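Structural description and commentary
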Amino acid sequence: MIRFRDLRIRTKLAMTFIMVLLPLLAVQAIALLSQSGLQQSHNSSLVHVEFYTGLSFMVSIVLAITLTLAMNRFLARPLEQITRAAARMASGDLRYEVNVDTGDEIGELALAFNLMARQIRDKTENLEKLIGERTEELQVSREKYRSLVESTVDGIVTTDRHGRITFVNRGFEEMLGLGREEMLGNEIWRYYEGGMARARDIMSLLREKGHFSYLEMEIIGKDRNIPIRTSASILRDADGNEMGTLGHFSDLTARKKLEADLKAAQAKLVQTMKLRALGDLVSGVAHEINNPLMASSTIIHLMQKKLDNNDNAEGRRLEVLSRCNQRIARIVNHLREFSRQEVMELKEMDVNEPLRNALLITGQQLLNMQMEILTDLSEELPSIKGDPNHLEQVFLDIIGNARDAMDGREIRVLGIKSHLAQLQNRQAVVVAISDTGPGIPAEIRDKIFEPFFTTKEVGKGTGLGLAISYGIIEEHGGRIEVEDNENGGATFRILLPTVMDRQQAHGETPSTCNDASS
């Protein structure tokens, strides 16, 4: 390919060759004329030849210089300007134009070149503007979707074709408690409960349908396993080739806890309904049993009065029947108490009062069984609002259970303590009754307050005592807690709100001692 600069040199060489050739031709012509004039004198011919030869040489030089300047002015210089403009355009300067004002072909070429340069410049500027607008729109779109992906609380993860993590959002970081740098490049199956086997199952689902939704599983976090619900799909390029996977993970921890709480609440509701139905049934049964029992007891009493004192055999039989009736009566009373048929009369009182009465009734019996009683009753406790008879019944039942638990044990110590504590951010009076028995196994600790549940032998307990006590304390606005002691045995704590805190909790107006006694 011939460049413009090479063309200019060749043009100059051609013109120089022509200029040199012309004088030679002139000299040849003069020589021929000289030969034809041999008739003239020899000296005169030499003079003419030298004259014409010199003249031709001078004319050739002048013509060569003139033509060279003309070619440089009208041909080589415009071509050089066009060459320079093309080079500047190639370097990115699209505003440079060729300054040629001739009307010949070179001028037309320069005008065409300038027009082409302007069109290229306009199209380039429009293209750059369009690219700028599209780039800005793309940047805005990327920022928008990046913000959406990063701000969602759910986890979003992408992997390559080999299962290596290529992207995780902030939600997945917080879900697992791990940093992004720790996870990028790792295989996703490392965070699955079940590892590679679980990953194979997931990829089988993906390759079968291309996607799946709402699969529940567990992933491995920094401190715990997290229950999640995941949806995933296969990522493909424009040609449909598999690039990797996209996974969406929702943390189900809160939902699982809510479901567990709901199940517990439903179970408690069912249990409450069962207890209510059972209470109604027990109340009816107790009433039906009590009427014939009273008749039977009356008849036995009359027979004992008429019986001859010497008839010991018959007397013993009647005594057995009487004890049986008394036992049936106690069971009926327990059933009536369990069915909450008796109305409580709550009044301001000192919790130590029914506690001392319970000890007064059982104290001597405990001492006869070689049991040590340790009491620590606070004398400065605030008043509670309760029913003394029902609280005494609760204390008697718990003390009786402690006595039975220590029966046959080498060390038998009954501890009874009253003090002030907190009950749900409120002041409460606490009565703690502890023993040195075998304790309560963890597997039955939640069952001891259920009706008819007992670990005692047949005939030694109805299984209603703790259930009745639990209901009485609940009606007093308190609760019963039980735990094993470090050195063996168990401790029951009865927590009862004080009068002031009970009134504040129920929005009551504080009453005076006179109001309570009236």
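This is a predicted model, so every value here is computed, not measured.

Residues Val-351, Phe-395, Ile-399, Leu-414, Ile-433, Phe-492 and Ile-494 are the most contacted members of the largest nonpolar core, which totals 37 residues. Of all the elements in the fold, those that place two or more residues in this core are α9 (352-368), α10 (388-406), β9 (413-422), β10 (427-434), α11 (465-475), β11 (479-484) and β12 (490-497). Looking at this core element by element, the count peaks at 7 residues for α10. When neighbours within four sequence positions are excluded, Phe-395 is seen to be in contact with Val-351, Pro-354, Leu-355, Ala-358, Val-431, Ile-433 and Ile-494.

Attention now goes to the sheet that holds β10. In sheet architecture, strand pairing relies on hydrogen bonds along the backbone and comes in two forms, parallel and antiparallel. With mixed pairing, the 5 strands of this open sheet are ordered in space as β7-β9-β10-β12-β11. Each edge of the open sheet carries a strand with a single partner, namely β7 (372-377) and β11. Sheet twist, expressed as the average angle between the axes of neighbouring strands with direction ignored, equals 20°. Across 7 bridges, the pairing between β10 and β12 is antiparallel. Note that in β12 the partner of Ala-428 across the bridge is Pro-497. Sitting on the sheet, α9 touches β7, β9 and β10, and the angle it makes with β7 is about 170°. Docked against the sheet, α10 engages β9, β10 and β12, running at close to 140° with respect to β9.

Along the chain, Asn-325 falls in helix α8 (residues 312-338). There is a polar contact of 3.3 Å between the side chain of Asn-325 and the side chain of Ser-297. Setting aside chain neighbours within four positions, we find Asn-325 in contact with Leu-293, Ser-296, Ser-297 and Ile-300.

Turning our eyes to something else, we now look at the pairing of strand β3 (residues 211-220). In terms of strand pairing, β3 meets strand β4 (residues 225-236) through 8 bridges, oriented antiparallel. Residue pairing across strands places Met-217 opposite Ile-228, the latter belonging to β4. What sits between the antiparallel neighbours β3 and β4 is a turn of 4 residues.

With 69% of its residues at a pLDDT of at least 70, the protein reaches an overall mean of 75. By mean pLDDT, the top-scoring element of the protein is β10 (92), and the lowest-scoring one is helix α13 (residues 513-517) (31). Counting interchain partners and residues more than four positions distant, the pLDDT-below-50 stretch residues 1-6 has 6 contacts. When the criterion is pLDDT under 50, residues 508-518 qualifies, and its contacts beyond four places in sequence or with other chains add up to 10 contacts.

Turning to a nonpolar patch on the surface, a few remarks are in order. Judged by side-chain polarity, Leu-281, Val-285, Ile-289 and Ile-328 come together as a nonpolar surface patch covering roughly 300 Å² of accessible area. No other element matches the 3 residues that helix α7 (residues 253-306) contributes to the nonpolar patch. Structurally, the position occupied by Leu-281 is in helix α7. For Leu-281, a relative accessible area of 53% corresponds to the exposed category.

Take the sheet that holds strand β2 (residues 165-168) next. With antiparallel pairing, 5 strands are arranged side by side in an open sheet as β2-β1-β5-β4-β3. For this open sheet the edge positions go to β2 and β3, each flanked by a neighbour on one side alone. Averaged over neighbouring strand pairs, the angle between their axes works out to 25° when direction is ignored. On top of the sheet, helix α6 (residues 195-209) reaches β3, β4 and β5 (242-251); it is set at about 170° to β3, its chief contact.

For α10, spanning 19 residues, the distance from its first C-alpha to its last is 27 Å, which sits close to the expected 27 Å at 1.5 Å a residue. Sitting at the head of α10, Asp-387 places a side-chain oxygen 3.0 Å from the backbone nitrogen of Asn-389. Downstream of α10 by one or two residues, Gly-408 has phi in the positive range, about 90°.

Scanning the model with the defined rule gives 1 aromatic pair in all. Here the aromatic rings of Phe-172 and Phe-249 are separated by 5.2 Å at their centres, their planes lie at 50°, and the arrangement is tilted. Taken together, the residues Phe-172 in helix α4 (residues 170-176) and Phe-249 in strand β5 connect sequence positions 77 residues apart. For Phe-172, a relative accessible area of 1% puts it in the buried group.

The rules we used
Residues numbered from 1 in each chain as written. Predicted model: local features only at pLDDT ≥ 70, side-chain atom pairs only at ≥ 80, totals over all residues. Heavy atoms only, no water. Core = buried A, V, L, I, M, F, W, Y, C linked by side-chain atoms within 4.5 Å. Buried < 20%, exposed > 50% of the residue type's maximum accessible area, 1.4 Å probe, protein only. Helix = DSSP H or I, 4+ residues; strand = E, 2+ residues; numbered from the N terminus. Contact = heavy atoms within 4.5 Å. Pairing = 2+ DSSP bridges. Axes fitted to C-alpha atoms, helices over the stretch in contact; angles between N-to-C directions. Polar contact = N/O pair within 3.5 Å; in protein donor to acceptor, adjacent residues only side chain to side chain. pLDDT = per-residue confidence, 0-100. Patch = residues over 30% accessible without salt bridge, like charges linked within 9 Å, V, L, I, M, F, W, Y side chains within 5 Å. Areas by Shrake-Rupley, 256 points an atom, 1.4 Å probe, with all protein chains shown as cover. Salt bridge = Lys/Arg side-chain N within 4 Å of Asp/Glu carboxyl O. Expected span 1.5 Å × (residues − 1). Phe/Tyr/Trp six-rings, centres within 6.5 Å; stacked < 30°, edge-to-face > 60°.

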